[in-house]
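Structural overview for review
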Amino acid sequence: MAARALRGVGAAPGIAAGKVHQLDGAQIETPGAPVPPPGRAAELKRASGALEEAALEVERLSARLESEGRTEEAEILATGAMMARDPQLATGVAELILQRGLNAGTAIAEAIETHAAALAALDEPMLASRADDVRSLGRRAMRLAVGGVVDTVDLDSDDVIVIARELGPADVAELRPAVKGLALAGGGVTAHAAIVARSLGLPMVVGLGEDILAVPEGEALIVDGSSGVVEIRPGRDSLDRAGVASERRARAMDRAVAEKDLSTVTTDGHPVLVRGNASGAAEVAAALGWGADGIGLFRTELAFLDAAAWPTHEQHRQALAPAFALLRGSVATVRLLDFGGDKTPPFLEGTPLRGVQLLLEAPQALKAQLAAILEVAAGVQLRILVPMITEPAQLRAVRDVLQRCLAEVHAAGLAPPMPPLGAMVEVPAAATMAPEIAAVADFLSVGTNDLSQLQLGIERSASRRAAAHHPAVLRLVDMAVRAGHQRGISVSLCGESASDRLVMPLFVGLGVDELSVGASRVGAVRGWLRRLSYAAARDAATAALCASSLEEVDGVVEPLARLLEPV
Ligand code: PEP
Ligand code: MG
C-alpha cells in the first residue's frame, strides 16, 4: 500500500511519528442473546461495579495530576468521575438490563450513548463537548465489565500514535508518557481532551473521519498537529523529515527552558515583553515556568461557562485566588468577564450582547467581580482589562464602578492601589476610535482573534482561521499602536497570532510593547524575539501595511519568519 494522507484539524501543535495503536479495538462486549430473567440482577451488579471501578480509576488519575500541580486537568477528570455516578445513567443501565435483558457491556454502551447524544445536541459548545468525556468513560466501564483492563499501549515502545474515535481527557492523561501523538476520527479543537493534549505538548489531530479507524494496528503513521494532516504508511523521506522536526522541537523546548531568565530584546536591542495568557493556576504556573513576564491576559469567563447565574463575589474570589497566589510580585492582567458569542453560559442564552455591553447591563455582577479582584490581588501588580470595548464611554463607566468598589474595599480596611484600567481593541470600531479610547485608558491590548474575524467577515466558529496578517487587520493594529503611543500608554497584543512565527515579527515591527501568548508558547516566542532584528521587522511591517493582499504580506514576512525557525 502506498503512502496516504488524511486531513483533519490540528488540535495540539507538533509533529510525531510512530506505530498505530487503535484504542477502541479490543475488549468490548458484543450484544449476544438476551440475559434470562434470573440472571439479570447479577448482570446489573456487574454493570454497576464496572461503572464504579471506572469512576475510581478516573479519580486516581485525577489525584495523580493534582499531585503534579495540574489542578485544572485534575478538575476536568474529577467531573468525569462524577458522570460515572450520575443517577440518570444508573437508572438507564438498570432499565436496559432488568427489562430488556441486555448484557452489562451493551447496556452501558447504550445508556452512555443516550446520555452523550443528549449532551451533543445542546446548543452550548462547552456542554456539547462533554459528550466526548461521557463516551470515553463508557468505553472504560465497558472494558472493565468484561474483566479487561483499560487499554494501555506497550510502555516499552517509545513511539506510539493512538487512534480512537474520540478520547476523553482521562484517556489522554493516562496515555502519557508512552504515547507520542493522537489521531481522532471525531473530537473538537476546544474539547477537554484537546486542552489536556495541548498542555502536555502531545501533537493531536481531530476530525479525521471514519477512515482513520481502518488503519491497521502497528501501521506507521505521522501526526502533524500543526497542519492537521496525518500521513499513513509514510515513505522514508517523510519519516526522516518528521524525525528531524520533532527533534528540533525538543531541542527548541530544552533551549527555551535554559534561556528563560534571559531578557527579551531583539538582536538590535529593542525590548518587547512576553507575557502569558491563562485562565487558571496551571497555565499561570506553566507560563511563569517558561519565563513569562507575568500574565498579559487572564480570561476570567472560562471558569464560568457552565454558570446558571452571574458569578458571585465569593465565586470570583475562589476562582482567582490560586492563580494570584503564584503571581505575587508579577503583573496580572485580569480581563473582566467576556460572556457572549461562543462564550455564552446557559443563563445568558440567546443574548445578542457581548463583553462590556453585558457587564454594563448587570452592574451588580460587574461590582461583584471588581470587588473580588481588588480584594485578592494583594502583592500582585494588578491590571484590569475590559473586553469588547467599542467607545470611550464604556471604559469611563467601568472606571466609575471601579472607583466606587475601591472606596468600599478601603472602607473595609484593605488598601489596594487603583489598578491601571485597559481596553481590549478587538472590534474594528475600537481601532477606529482608538485615539478617543486611548485618551481614557491606561493601556491597550489588541485581540486579533476577534479583530481579524470581525474585520474579514469570518465566523469565529469556522475551522478556517482568519488571517491576522491580512493588510486590512494590520492597519487596525497600526491604528491602535499609534493611538496608544501618542498618549504614552503601552500597547499589548494578546491574540493567538502573537505566537505565530509568520505574524509576530509584523506586530513587533508595528511597535507593540508586549506580546501575550498561550502558556506553552511563551518559551518559543521569547526565543524568536532574541533572534529577530527590529529594523528588519519594521521594514516588513511598513511594506505589509501598503500591501493589497494576504499573499503579498506572506511574501514580505516569510524570509523573516524563516530566520526564526528552530535550528
Ligand atoms: C482576542 O479576541 O484576540 C482575545 C484575546 O480574546 P478571546 O480570544 O478571549 O476572545
Ligand atoms: Mg476576544
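Within each chain, residue numbers correspond to sequence positions counted from 1 in written order. Chains carry letters and ligands carry numbers; both start at the beginning, A for chains and 1 for ligands, and go up in the order they are written. Local features are withheld for residues below a pLDDT of 70 in this predicted model, meaning they are given only at 70 or higher, and side-chain atom pairs are given and counted only at 80 or more; totals for whole chains, interfaces and linings count all residues. Hydrogens and water are ignored here; the side-chain numbers use all heavy atoms of the structure.

Further remarks concern unusual backbone geometry. The phi dihedral of R233 is positive, around 45 degrees, even though this residue is not glycine. The exposure class of R233 is partly exposed, given its relative accessible area of 34%. Unlike most non-glycine residues, M388 shows phi in positive territory, near 60 degrees. If you trace the backbone, M388 turns up in the loop between β12 (381–386) and α13 (392–411). The classification of residues rests on relative accessible area computed with a 1.4 Å probe and restricted to protein chains. Under 20% of the type maximum is buried, over 50% is exposed, and intermediate values are partly exposed. Judged by relative accessible area, which is 9%, M388 ranks as buried. In this description a helix means any DSSP run of H or I spanning at least four residues, a strand means any run of E spanning at least two, and both kinds are numbered starting from the N terminus.

Bringing the coordination of the magnesium ion (ligand 2) into the picture now. Donor atoms (N, O, S) are those found within 2.8 Å of the metal centre, with the cutoff raised to 3.2 Å for Na, K and Ca; water is not part of the atom list, so apparent gaps in a site can occur. Only E426 (OE) and D450 (OD) from the protein reach the magnesium ion (ligand 2) as donors, at distances of 2.0 Å. One end of the pair, E426, is in the loop between β13 (421–425) and α14 (428–432); the other, D450, is in helix α16 (residues 448–456), and 24 residues separate them in sequence.

Only the stretch in contact is used when a helix axis is fitted, and all axes are lines through C-alpha atoms; the angle between N-to-C directions ranges over 0 to 180 degrees. Their axes nearest at 9 Å, the elements helix α3 (residues 87–98) and helix α4 (residues 104–120) cross at an angle of 135 degrees. On the basis of the axis angle, α3 is oblique to α4. Two packed elements cross with a definite hand, and for α3 against α4 that hand is right-handed. Between α3 and α4, the contacting residues are Q88, L89, G92, V93, L96 and I97 on the first element and A104, A107, I108, E110, A111, I112 and H115 on the second. Residues are sorted three ways: Asp, Glu, Lys and Arg are charged, Ala, Val, Leu, Ile, Met, Phe, Trp, Tyr, Cys and Pro are nonpolar, and all the rest, Gly among them, are polar. Its residues assigned to classes, the contact of α3 with α4 shows nine nonpolar, three polar and one charged. Angles below 35 degrees are treated as roughly parallel, those above 145 as roughly antiparallel, those between 65 and 115 as roughly perpendicular, and all remaining angles as oblique. For any helix crossing, the convention is left-handed if the near helix is rotated counterclockwise from the far helix by under a right angle, and right-handed if that rotation is clockwise. Should any heavy atoms of two residues lie within 4.5 Å, those residues are counted as being in contact.

This part is about the pairing of strand β4 (residues 160–164). For β4, the buried fraction is high: five of the five residues fall into the buried class. Neither face of β4 is open: one carries V160, V162 and A164, the other I161 and I163, and all of them are buried. Only strands that DSSP links by at least two bridges are regarded as paired with each other. Pairing geometry for strand β3 (residues 15–22) and β4, over four bridges, is parallel. Bridge pairing in β4 links V20 to I161. Pairing between β4 and strand β5 (residues 179–184): five bridges, direction parallel. By the bridge assignment for β5, V160 is matched with V179.

Let's shift gears to the side chain of H115. Considering the arrangement of structural elements, one finds H115 in helix α4. Within 3.5 Å is the distance limit for a polar contact, defined as a pair of N or O atoms, with the added protein rule that one can donate a hydrogen and the other accept it, and that residues adjacent in sequence qualify only through two side-chain atoms. Reaching out from H115, the side chain makes a polar contact with the side chain of D86 at a distance of 3.3 Å. Beyond its immediate chain neighbours, meaning those up to four positions away, H115 contacts D86, Q88 and V134.

Now for the pattern of salt bridges. Just to be clear on terms, a salt bridge is a Lys or Arg side-chain nitrogen sitting within 4 Å of an Asp or Glu carboxyl oxygen. Within the structure shown, the criterion is met by 23 salt bridges. E43 is the partner of R46 in a salt bridge, and the nearest nitrogen-oxygen pair spans 2.4 Å. One end of the pair is R46 and the other is E43, both in helix α1 (residues 40–67) and three residues apart, which spans about a single turn. Between E259 and R530 there is a salt bridge, with the nearest N and O atoms lying 2.4 Å from each other. Here E259 is found in the loop between α8 (236–258) and β9 (273–278), whereas its partner R530 is found in helix α19 (residues 522–531), with 271 residues between them in sequence. The class of E259 is partly exposed, set by a relative accessible area of 23%. For R530, a relative accessible area of 18% corresponds to the buried category. In this structure, a network of salt bridges that share partners links the residues E301, R335, D338, K343, R354 and D450.

What follows concerns the nonpolar core. Here, nonpolar core means buried Ala, Val, Leu, Ile, Met, Phe, Trp, Tyr and Cys residues that are tied together by side-chain atoms lying within 4.5 Å of each other. The biggest cluster of nonpolar side chains holds 96 residues, and the ones touching the most others in it are F324, L336, L444, V477, F507, V508 and L515. Ignoring anything within four residues of it in the chain, the contact list for F507 reads T448, A468, L474, V477, L493, S497, A498, V512 and L515.

So, on to the environment of E514. Among the secondary structure elements, E514 is positioned in strand β16 (residues 514–518). When near neighbours in sequence (up to four residues on either side) are disregarded, E514 contacts V272, L273, R275, R383, S490, V491, S492 and L493.

Within a sheet, each strand pairs with its neighbour through backbone hydrogen bonds, oriented either parallel or antiparallel. In space, the eight strands of this open sheet follow the order β1-β8-β7-β3-β4-β5-β6-β2, with mixed pairing throughout. With partners counted over all chains shown, the strands left at the sheet margins are β1 (4–7) and β2 (9–12), one partner each. Each strand axis lies, on average, 30 degrees off the axis of its neighbour in the sheet, ignoring direction. Pairing between β3 and strand β7 (residues 220–224): five bridges, direction antiparallel. Its bridge partner lying in β7, K19 is registered against A220. The strands touched by α8 are β3, β7 and β8 (229–232); relative to β3, the strand with the most contacts, the crossing angle is about 115 degrees.

Taken by themselves, the reported measurements are silent on function.
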